[in-house]
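# Understanding the architecture of this molecule
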Amino acid sequence: MLHRSYHDICAYLGVYLDPDTDGSGNREGSVEHFIPKAQNAWQAYEWRNYLLADRRVNSSRGQETLTCPYDLDFYPFELMLDTGMIAVSEELTMEQEDKAYEILDALSLDKEMYDIERAEYYARYKDRTRDDALTNAQIARYAPFIWYEIRRQGLVVNEKKRRK
């Protein structure tokens, strides 16, 4: 049900999580309790405390309570598309910036392996000659954070066919 509710998208990485496990644990979704069970056991079975998260992100998290990203009234991160590196947006207030760094640091969203994966999604989108190239609709479906950044940065590929 969590996969269906989140359309198979990790709440933190903003990329597709295959609902089927691949045996290695990669891209395997897990239930993230953004209020940790160790801090409030009563919240362990509360639907509003669940997020769909990549197992790797969820396992790197400590026991601190995090702000749920869906409760923010701002988007905290920006992306350097060619490298996949994530950064806290420069257009935030001090309070927003503190919450953004809290999420970034607690979940290690700036790990090199995530940078590489984000850069690969963008490379598949940008290079339309690749066999595994992604269309606008596909990048929007499978990597909505990257799609958001592509649009924000004005790098959308025009897919309309030109008539002769």
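Further up the page is the structure itself.
None of the values given here were measured: they were computed from a predicted structure.

## Here we look at the overall build of the protein
When helices and strands are tallied, the protein shows 6 helices and 4 strands. Along its sequence from the N terminus, the protein presents helices and strands in the succession α-β-β-α-β-β-α-α-α-α. Buried positions account for 44% of the 164 residues belonging to the protein. Looking at the protein alone, contacts between residues at least 24 apart form 60% of all its contacts between residues at least 6 apart. Accessible area of the protein: about 10,000 Å², with a carbon and sulfur share of 49%.

## Section: the nonpolar core
Counting 43 residues, the largest nonpolar core has Tyr12, Phe77, Leu109, Tyr121, Ile139, Ile146 and Ile150 as its most contacted members. Contributing elements (two or more residues each) for this core: β2 (50-54), β3 (77-80), β4 (85-88), α3 (94-107), α4 (112-126) and α6 (144-152). Ranked by residues supplied to this core, first place goes to α3 with 5 residues. Other than its neighbours up to four places away in sequence, Ile139 contacts Tyr121, Tyr125, Leu134, Pro144, Ile146, Trp147 and Ile150.

## Comments concerning the pairing of β3
Judged by which residues are buried, β3 turns out to be one-sided: Phe77 and Leu79 face inward and are buried, whereas Glu78 and Met80, on the alternate face, are not. Bridge count for β3 against β4 is 4 bridges, and the pairing is antiparallel. Considered in β4, the bridge of Met80 is made with Met85. Hairpin geometry of β3 and β4 is characterised by an intervening segment of 4 residues between the two adjacent antiparallel strands and by a positive phi of about 75° at Gly84.

## Comments concerning the pattern of salt bridges
Applying the stated criterion across every chain, the model contains 11 salt bridges. Here Arg56 and Glu117 are joined by a salt bridge, their closest N and O atoms 2.8 Å apart. One end of the pair, Arg56, is in helix α2 (residues 55-60); the other, Glu117, is in helix α4, and 61 residues separate them in sequence. Its relative accessible area of 15% is what places Arg56 among the buried residues. Between Arg124 and Asp132 there is a salt bridge, and its shortest N-O distance comes to 3.4 Å. Of the residues examined, Asp132 reaches a relative accessible area of 31% and is grouped as partly exposed. A network of salt bridges, in which partner residues are shared, links Glu120, Arg124, Arg130 and Asp132.

## Overview of the packing of aromatic side chains
All chains considered together, the criterion is met by 5 aromatic pairs. The interplanar angle of 40° and the centroid separation of 4.7 Å between the aromatic rings of Tyr75 and Tyr148 together place this pair among those described as tilted. Within this pair, whereas Tyr75 is found in the loop between α2 and β3, its partner Tyr148 is found in helix α6, the two being separated by 73 residues in sequence. Assessed through its relative accessible area of 38%, Tyr75 is described here as partly exposed. Three or more aromatic residues joined by ring pairs make a cluster, and in this case those are Tyr75, Phe145 and Tyr148. Positioned over the ring face of Tyr125 is Arg128, at 4.6 Å from the centre of the ring.

Definitions and cut-offs
- Residues numbered from 1 in each chain as written.
- Predicted model: local features only at pLDDT ≥ 70, side-chain atom pairs only at ≥ 80, totals over all residues.
- Heavy atoms only, no water.
- Helix = DSSP H or I, 4+ residues; strand = E, 2+ residues; numbered from the N terminus.
- Buried < 20%, exposed > 50% of the residue type's maximum accessible area, 1.4 Å probe, protein only.
- Contact = heavy atoms within 4.5 Å.
- Areas by Shrake-Rupley, 256 points an atom, 1.4 Å probe, with all protein chains shown as cover.
- Core = buried A, V, L, I, M, F, W, Y, C linked by side-chain atoms within 4.5 Å.
- Pairing = 2+ DSSP bridges.
- Salt bridge = Lys/Arg side-chain N within 4 Å of Asp/Glu carboxyl O.
- Phe/Tyr/Trp six-rings, centres within 6.5 Å; stacked < 30°, edge-to-face > 60°.
- Lys NZ or Arg CZ within 6 Å of the ring centre and 35° of its normal.

Keep in mind that these numbers describe shape and distance, not what the molecule does.
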